[in-house]
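Observations on the model geometry
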Amino acid sequence: MATKQASMLYKPVYHGEEGNQSKAGGAYTFAADASGTIIQLRKLPLGTKITGVEYVNAALGTSVTLDIAVGATTLISALACASAGNGYRPVADVTLAADSFLTLTVGGAAATGAVTVRVIYEYVGNL
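Residues numbered from 1 in each chain as written. Predicted model: local features only at pLDDT ≥ 70, side-chain atom pairs only at ≥ 80, totals over all residues. Heavy atoms only, no water.

1. Re the nonpolar core
In globular proteins that are soluble, nonpolar side chains generally tend to be buried together. Among the nonpolar cores identified, the biggest contains 31 residues, and Phe-30, Ile-50, Leu-75, Leu-104 and Val-117 are the most heavily contacted of them. At the level of elements, β2 (21-33), β3 (38-44), β4 (48-57), β5 (65-70), β6 (73-80), β7 (85-95), β8 (100-107) and β9 (111-123) are the ones that each hand at least two residues to this core. Sort the elements by how many residues they give to this core and β9 lands first, with six residues. (Core = buried A, V, L, I, M, F, W, Y, C linked by side-chain atoms within 4.5 Å. Buried < 20%, exposed > 50% of the residue type's maximum accessible area, 1.4 Å probe, protein only. Helix = DSSP H or I, 4+ residues; strand = E, 2+ residues; numbered from the N terminus.)

Set out below in structure tokens:
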């Protein structure tokens, strides 16, 4: 199982005052990446409270699914990506207790094509 890094991985995350809602994410273009490949899209700091996920994907291949996670918490499990799609999914609040990576994990079959993922978050700091 390979782990790859997206170009926006270490781009700074906005730390607004008073819990300002923001978006942060990244994009990646798969090139026949095998099932089980993990893509690290973005590093998010301790104290980030995630409230939702936006995604846009090309048709990535027959039977391809994606798990979208932050750290050890899966935000979206087995998102079907055989056809092109996009959407928004609210999630139960996830407040990061440590710096964590926003990741994609390929499932089902090898993936080819582009995907963009953004988390909607508030930076609440170290509570």
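2. Thoughts on the sheet that holds β6
What links the strands of a sheet is backbone hydrogen bonding, and the strands pair in either a parallel or an antiparallel sense. One open sheet holds the five strands; their spatial order is β1-β3-β8-β5-β6, and the pairing between them is mixed. At either margin of the open sheet sits one strand with a lone partner, and together these are β1 (3-5) and β6. Along the sheet, successive strands turn relative to each other by an average axial angle of 25°, direction set aside. In this sheet, β8 lies alongside β5 in antiparallel orientation, the contact comprising six bridges. Each residue of the ladder has a partner; that of Asp-67, found in β8, is Thr-105. (Pairing = 2+ DSSP bridges. Axes fitted to C-alpha atoms, helices over the stretch in contact; angles between N-to-C directions.)

3. So, the pairing of β5
Where β5 meets β6, five bridges bridge the pair, whose relative direction is antiparallel. Opposite Thr-65, over in β6, you have Ala-80 as the bridge partner.

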